[in-house]
Amino acid sequence: MADPAPLLTVRDLSVTFPTPRGPVRAVDSLSFDVPHGRTLGIVGESGSGKSVTSLAVMGLHTGAEVTGSVTLDGRELVGLPDRELNRLRGRRTAMIFQDPLSSLHPYYTVGEQIAEHHRVHFGSRRAAARARAVEALAEVGIPEPKRRAGEYPHQFSGGMRQRVMIAMALVCEPDLLVADEPTTALDVTVQAQILDLLARLQQERRLSVVMITHDLGVVARVAHEVLVMYGGRAAEQAPVDALFASPAHPYTRGLLDSLPRLDDPDDVPLRAIPGSPPSLLDPAPGCAFAPRCARAAAGTAEERDRCATERPVLGGHRGHAAACHFAAFPAVPTYEGIAP
Ligand SMILES: Nc1ncnc2c1ncn2[C@@H]1O[C@H](COP(=O)(O)OP(=O)(O)O)[C@@H](O)[C@H]1O
Ligand SMILES: [Mg+2]
């Protein structure tokens, strides 16, 4: 039976950086849930606030004003003292990044680093921690794990290094894994292998995962639910099938149009969305996407004016929401009160 309460609950999360040119609100009023054993994909172009969101969830922002609520298993994390956050990180939550080398120490073997991580969080003895490190390397598909545990990070390929990071993240058996562009630096074949590995581990361990990516192809492969971000806000939130079958926000449709077509590799109309993301320093009053939006451009003068001056709020059918005045939901009846 599914756990009724989500593991991670984010409500009205905003993150504002003070800068010499004024406050930059990099994340604005974001709300989402990650249930036990589910994967949320957060997708959007570079600069849309994905990494800032993930760091806020992990309590890793210093110098930024963080408001709203982030709860893990019902426990509020916003405002928690660093010491307690540190304890949660590693034991309950773990994070992996695009560039594993920046997180691995060049002078210690990967086995030592994974074992040390285990020792810090579990107080385990040296020999037990080493054995656990070798097991962890085996679990993430590193051949000859015992021998490779004695090697240094530079002796591993990019894909194998990312496997090492996953082993490190999972050795303390966290409930929540936040992965920020974990496969972006890898070539396509290795990327697919790492995504399959993450999907397998997620299922086997009933992990909750937040998968951050600029690539809807990655989302399609691993996510159950999707949050599309634009300019620090939620543009669209939906179960993955609904998002791909009937994208409601013009921005989501633009992202989908710019995906390479896997069914016909010769036909690659890579139509990138024209224009560039909005300035967060001095946000316009209306819809942040309006200047780039095909729907707004095709609208009547009255509609265009509405997009330019009135900020859309998230709304929609049960479980599928978009922040667009002209969101295109499929014309199907909704059955309020009946869970999907
Ligand atoms: N430390 C910081 N100080 C000021 N602004 C920041 C800082 N970190 C991030 N930002 C702003 O937040 C925006 C979103 O950043 P980020 O979350 O890294 O985007 P992405 O979606 O590419 O991960 C950036 O474009 C930048 O304007
Ligand atoms: Mg980022």
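Residue positions are given per chain, counting from 1 as you read along its sequence in written order. Each chain gets a letter, beginning with A, and each ligand a number, beginning with 1, in the order they are written. With pLDDT at 70 or above as the cut-off, local features in this predicted model cover only qualifying residues; side-chain atom pairs require 80 or more to be listed or tallied, and sums for whole chains, interfaces and linings still use all residues. To obtain the side-chain values, all non-hydrogen atoms of the structure were included, while hydrogens and water were left out.

Caption draft 1: Region of interest: the overall build of the protein. Strands are runs of DSSP state E lasting at least 2 residues, helices are runs of H or I lasting at least 4, and numbering of each runs from the N terminus. Helix and strand content of the protein: 12 helices and 12 strands. Expected size for 340 residues packed as a compact globule is a radius of gyration near 20 Å; at 21 Å, the protein falls within 12% of this value. Each residue is placed in one exposure class: buried if its accessible area under a 1.4 Å probe, protein chains only, is under 20% of its type's maximum, exposed if it is over 50%, and partly exposed if it falls in between. Out of the 340 residues in the protein, the part that is buried amounts to 47%. Note on contacts: a residue pair qualifies if any of its non-hydrogen atoms lie within 4.5 Å across the two residues. Taking all contacts inside the protein whose residues are at least 6 apart in sequence as the whole, residues at least 24 apart take part in 64%. In this description the radius of gyration comes from C-alpha coordinates, and the expected globular size is given by 2.2 Å times residues to the power 0.38.

Caption draft 2: Just the pairing of strand 9 (residues 225-230), in detail. The element strand 9 is largely enclosed, with a buried count of five among its six residues. By the bridge criterion, four bridges tie strand 3 (residues 39-43) to strand 9 in an arrangement that is parallel. Bridge pairing links G41 to V226 in strand 9. The criterion for strand pairing is that DSSP finds at least two bridges linking the strands in question. In terms of strand pairing, strand 9 meets strand 10 (residues 233-239) through six bridges, oriented antiparallel. In the sheet register, E225 faces strand 10, and the bridge partner there is P239. Once strand 9 ends, the chain turns through two residues before running back antiparallel as strand 10, passing G231 with a positive phi of about 55°.

Caption draft 3: Geometry of the sheet that holds strand 2 (residues 22-34). Taken together, four strands build an open sheet; the order of strands is 2-1-4-5 and the sheet is antiparallel. Because the sheet does not close on itself, it has two edges, and the strands there are strand 2 and strand 5 (75-76). Relative to strand 4 (residues 65-72), strand 1 (residues 8-19) is paired through seven bridges, and the arrangement is antiparallel. Bridged to T16 within strand 4 is E65. To get an axis, fit a line to the C-alpha atoms, keeping to the stretch in contact for a helix; angles then go from 0 to 180 degrees between the N-to-C directions. Of the strands in this sheet, strand 1, strand 2 and strand 4 touch helix 1 (residues 50-57), which is tilted by about 115° from strand 1.

Caption draft 4: Spatial organisation of empty space enclosed by the protein. Note on definitions: the grid is 1 Å and covers protein atoms alone; a cavity is a set of points where a 1.4 Å probe fits but cannot get out; a pocket is an open set with protein on both sides within 12 Å along at least five of seven lines; lining residues have an atom within 4 Å of a point. Grid points are joined across faces, edges and corners, and a volume is the space filled by probe spheres set on the points. Scanning the model with the defined rule gives three cavities of 30 Å³ or more in all. There is about 130 Å³ of room inside the largest cavity. As for the largest cavity, its lining consists of Y230, R233, A234, A235, H249, G286, C287, A288, F289, R311, P312 and A323. Split by residue class, the lining of the largest cavity holds eight nonpolar, two polar and two charged. Of the volumes computed, that of the second largest cavity is approximately 80 Å³. Around the second largest cavity sit 13 residues that line it, and C287, C293, A296, C307 and C324 are the ones nearest its centre. Residue type decides the class: Asp, Glu, Lys and Arg count as charged, Ala, Val, Leu, Ile, Met, Phe, Trp, Tyr, Cys and Pro as nonpolar, and the leftover types, Gly among them, as polar. Here the lining of the second largest cavity is composed, by residue class, of 10 nonpolar, two polar and one charged.

Caption draft 5: Representation of the site of ligand 1 in the model. F17, T19, A26, E45, S46, G47, S48, G49, K50, S51, V52 and L280 make up every residue found near ligand 1. The separation between an oxygen atom of ligand 1 and a polar main-chain atom of S48 is 3.1 Å. Whenever two N or O atoms come within 3.5 Å, that pair is a polar contact, provided that in protein one can donate a hydrogen and the other can accept it, and provided that, for residues adjacent in sequence, both atoms are side-chain atoms. A distance of 2.8 Å separates an oxygen atom of ligand 1 from a polar backbone atom of V52. Considered on its own, ligand 1 offers 570 Å² of accessible surface; in the complex 62% of this is hidden by protein. Elements represented by at least two residues in the shell around ligand 1 include exactly strand 1 and helix 1. With three residues, the top contributor of residues to the shell around ligand 1 is helix 1. Nearness of a residue to a molecule or strand requires only that one of the residue's heavy atoms be within 4 Å of it. All accessibility values rest on the Shrake-Rupley procedure with a 1.4 Å probe; residue burial counts only the protein chains present in the view.

Caption draft 6: The arrangement of the side chain of S124 in detail. Within the fold, S124 resides in the loop between helix 3 (110-122) and helix 4 (126-139). Side-chain polar atoms of S124 contact the side chain of H118, separated by 2.8 Å. If sequence neighbours within four positions are ignored, S124 has contacts with H118, R119 and A129.

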